[in-house]
Amino acid sequence: MNVPIQEAAATVHEALTKGRVFLNSRDTKDNTMIIGWGGILNFWAKPIFLAPVRLSRYTHDPIAKTGYFTVSVPREGELAKAAAFCGARSGRDFDKFAECGLTAVEGRSVPVPVIGECSLHIECRVLQSQELDLDQLDEEDRSRYYADGDTHTMFMGEILECYTKE
C-alpha cells in the first residue's frame, strides 16, 4: 500500500534515532547497512531521501555506480538483531541478507531490493551526490566525526516509491 511521504518522514525520523533504518544497495551482490543520519526532505519540488554514506563503506560504491538505493524500516521492536549485525559488519566480509535471514524482494521501480521483513519501503534514484567538504565544517564537528578524514557522500535520492508491505 502506498504511504504518504509526510507519514513516512515521521516514521523514518524516529527510526533513524534508534538505529533501525536499513539502506540497501546492489552491485555484484545485495547489501544493506544501518544509517543513523539522513531523512526525507523536499528539494527541487520533489520528495528526496538524503542518505549520507561514508566513503569507506562497502555500500558507497554500489550506490555511486548504479545510481539507485532503497530504504527499509522495520516495525518498532522487530529485526533488532539484524540491525545490530548489519550496523557492525561490512558487506565486504559478509552476505548480510544470508547471515541475518533477510529476504531480498525486488524493488518496484528500481533495480535494488527492499527487505521483505520490514514494513516500510522507500525506493530512490540518485539525482545528486556531494562529498562533504571538511573545510566547511566547524572544528568541533570535524574533530568529533571526521578525525580520520573518512567523510560522507550525501546521496540525494528522488523518492520514486514509498509503500508498506501488503
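Everything numeric in this text was worked out from a predicted model, so none of it was measured.

Engineer: Break down the overall build of the protein chain for me, citing the residues and quoting the values.
Structural biologist: Each helix and strand counted, the protein chain has five helices and nine strands in total. Listed N to C, the secondary structure of the protein chain is α-β-β-β-β-α-β-α-α-β-β-β-α-β in terms of helices and strands. Its C-alpha atoms give the protein chain a radius of gyration of 15 Å, near enough to 15 Å, the size a compact globule of 166 residues would have. In terms of its C-alpha atoms, the protein chain occupies a principal-axis envelope of roughly 45 × 40 × 30 Å. Sequence separation of at least 24 residues holds for 72% of the intrachain contacts in the protein chain that already meet a minimum separation of 6. As presented, the protein chain carries roughly 8400 Å² of accessible surface, and 49% of it is formed by carbon and sulfur atoms. The centroid of the 18 positive side-chain charges in the protein chain is displaced by 4 Å from the centroid of its 25 negative side-chain charges.

Engineer: Describe in detail the sheet that holds strand β2 (residues 30-35), supporting the description with residues and values.
Structural biologist: With respect to topology, seven strands assemble into an open sheet ordered β2-β1-β5-β8-β9-β4-β3, the strand pairing being antiparallel. Bordering the open sheet on either side are β2 and β3 (39-43), each of which pairs with just one other strand. Pairwise comparison of adjacent strand axes, ignoring direction, gives a mean angle of 35 degrees for this sheet. Here strand β1 (residues 21-26) pairs with β2 via six bridges, running antiparallel. The partner of Ser25 across the bridge, within β2, is Asn31. Sheet contacts for helix α1 (residues 5-17): β1, β2, β3, β4 (46-54), β5 (68-73), β8 (120-131) and β9 (152-164); angle to β3, the most-contacted strand, approximately 140 degrees. In this fold helix α3 (residues 80-88) packs onto β1 and β2, with an angle of close to 95 degrees to the strand it touches most, β2.

Engineer: Outline the pairing of β1, listing residues and values.
Structural biologist: Counting buried residues along β1, five of its six residues qualify, which places the element largely inside the surrounding structure. What sits between β1 and β2 in their antiparallel hairpin is a turn of three residues.

Engineer: Let's hear about the nonpolar core: which residues, and what values?
Structural biologist: Leu23, Phe49, Phe69, Val71 and Ile122 are the most contacted members of the largest nonpolar core, which totals 23 residues. Listing elements by their share of this core, those giving two or more residues are α1, β1, β2, β4, β5, β8 and β9. By size, the runner-up hydrophobic cluster in this structure holds ten residues, among which are Phe22, Cys86, Phe97 and Ile115.

Engineer: Can you tell me about α3, naming the residues and giving the values?
Structural biologist: All of the buried residues along α3 are Ala82, Ala83, Phe85 and Cys86. All buried residues of α3 project into a common sector of 165 degrees when viewed along the axis, lining one side. More than 90 degrees from the buried face of α3, the exposed residues found are Ala80, Lys81, Gly87 and Ala88. Where α3 is buried, its residues meet β1, β2 and α4 (96-100).

Engineer: Before we move on, can you summarise the side chain of Ser72 with the specific residues and values?
Structural biologist: Relative to the helices and strands, Ser72 resides in strand β5. A distance of 3.0 Å separates the side chain of Ser72 from the backbone nitrogen of Ile115, its partner in a polar contact.

Engineer: Residue-level account of the pattern of salt bridges, with values.
Structural biologist: This model, assessed by the stated rule, comprises nine salt bridges. Residue Arg108 pairs with Glu161 through a salt bridge whose shortest N-O separation is 3.6 Å. Within this pair, whereas Arg108 is found in the loop between β6 (104-105) and β7 (114-115), its partner Glu161 is found in strand β9, the two being separated by 53 residues in sequence. Residue Arg108 is classed as partly exposed on the basis of its relative accessible area of 40%.

Calculation rules
- Residues numbered from 1 in each chain as written.
- Predicted model: local features only at pLDDT ≥ 70, side-chain atom pairs only at ≥ 80, totals over all residues.
- Heavy atoms only, no water.
- Helix = DSSP H or I, 4+ residues; strand = E, 2+ residues; numbered from the N terminus.
- Rg over C-alpha atoms; globule rule 2.2 N^0.38 Å.
- Contact = heavy atoms within 4.5 Å.
- Areas by Shrake-Rupley, 256 points an atom, 1.4 Å probe, with all protein chains shown as cover.
- Lys, Arg positive; Asp, Glu negative; His and termini not counted.
- Charge placed at Lys NZ, Arg CZ, Asp CG, Glu CD.
- Pairing = 2+ DSSP bridges.
- Axes fitted to C-alpha atoms, helices over the stretch in contact; angles between N-to-C directions.
- Buried < 20%, exposed > 50% of the residue type's maximum accessible area, 1.4 Å probe, protein only.
- Core = buried A, V, L, I, M, F, W, Y, C linked by side-chain atoms within 4.5 Å.
- Arc of directions from axis to C-beta.
- Polar contact = N/O pair within 3.5 Å; in protein donor to acceptor, adjacent residues only side chain to side chain.
- Salt bridge = Lys/Arg side-chain N within 4 Å of Asp/Glu carboxyl O.

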